[in-house]
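Observations on the model geometry
Residues per chain are reported as follows:
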Amino acid sequence: LGPGSVVEREIAAGQAHRYELALDSGHFARLTVEQQGIDVTLTAALGEGPAFTRVHSPNGREVTEVLSLLADGKAVYRLEVAGLPGSAGPGRYILRVVEWRPAAPVDRLRVDAERAEAAADQIYLQSTAAGYRQALGSYDAALALWRKAGDAAKEAELLYRLAVTERRLGNL
């Protein structure tokens, strides 16, 4: 994948498609995956190492998944788009590289906020009271980072997720 790349493919539940993206040191890339009729996850790893983040919103296949990457050194990222097992399908997705540029100071906050949010989503998706309680703390941490980054839309989204989680716990 490179600047401006767009990949549209069909995918079935349990199927995975792999991609590589190489970034120079100090560069930033943002990718989106538009889900069409199937729920997918987007996973990223550095080279052949283990995955360092897995993006899968608890809002299902109705949202666009977003992943930002910031290379501290020259890096090759391994990306995987996978149809969620048990998801209806087959469906399609559109993977886009929507930003590719030298990193700005706010980008570190964005990357950290996305990772904290993705981790909270994974905990939330356990669908247990203990998971919901743990997700609250993680969503709070992500919210603080989005506030520092000055992203009002993401702040609002995280406030909504906090409210939904509190409601699941019977607190609202």
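See the structure printed just above.
Summary of the structure given here. Starting afresh in each chain, residues are numbered from 1 along the sequence in its written order. In keeping with the predicted nature of the model, local features appear solely for residues at pLDDT of at least 70, side-chain atom pairs appear and are counted solely at 80 or more, and the whole-chain, interface and lining totals rest on all residues. Only hydrogens and water are removed before side-chain values are computed, so all heavy atoms of the structure are retained for them.

**A closer look at helix α3 (residues 152-168)**
Convention followed: The numbering of helices and of strands both runs from the N terminus, where a helix is a DSSP run of H or I of at least 4 residues and a strand a run of E of at least 2. Here the expected length of a helix is defined as 1.5 Å per residue gap, with one fewer gap than residues. Each residue gets one of three labels from its accessible area relative to the maximum for its type: buried under 20%, exposed over 50%, partly exposed in between, using a 1.4 Å probe on protein chains only. What the arc describes is the spread of directions from the helix axis to the C-beta atoms. Contact criterion: two residues are considered in contact whenever any of their non-hydrogen atoms come within 4.5 Å of each other. Here a polar contact is taken to be a pair of N or O atoms separated by no more than 3.5 Å, where protein atoms must pair a possible hydrogen donor with a possible acceptor and residues adjacent in sequence count only if both atoms sit in side chains.
Spanning 17 residues, α3 covers 24 Å between terminal C-alpha atoms, matching the ideal 24 Å at 1.5 Å per step. Turning to α3, its buried residues are Lys 154, Glu 155, Leu 158, Arg 161, Leu 162 and Thr 165. Looking down the long axis of α3, one finds its buried residues gathered within 125° of arc, a one-sided arrangement. Every exposed residue of α3 that faces more than 90 degrees away from the buried side is listed here: Ala 152, Ala 153, Tyr 160 and Arg 167. On its buried face, α3 sits against α1 (105-124) and α2 (129-149). If you check the start of α3, you find a side-chain oxygen 3.3 Å away from the backbone N of Ala 153, and it comes from Asp 151.

**Observations regarding α1**
The end-to-end C-alpha separation of α1 is 30 Å, in line with the 28 Å expected for 20 residues at 1.5 Å each. For α1, the elements touching its buried residues are β3 (27-36), β5 (51-55), β6 (64-70), β8 (91-102), α2 and α3.

Coordinates in, geometry out; function isn't part of it.
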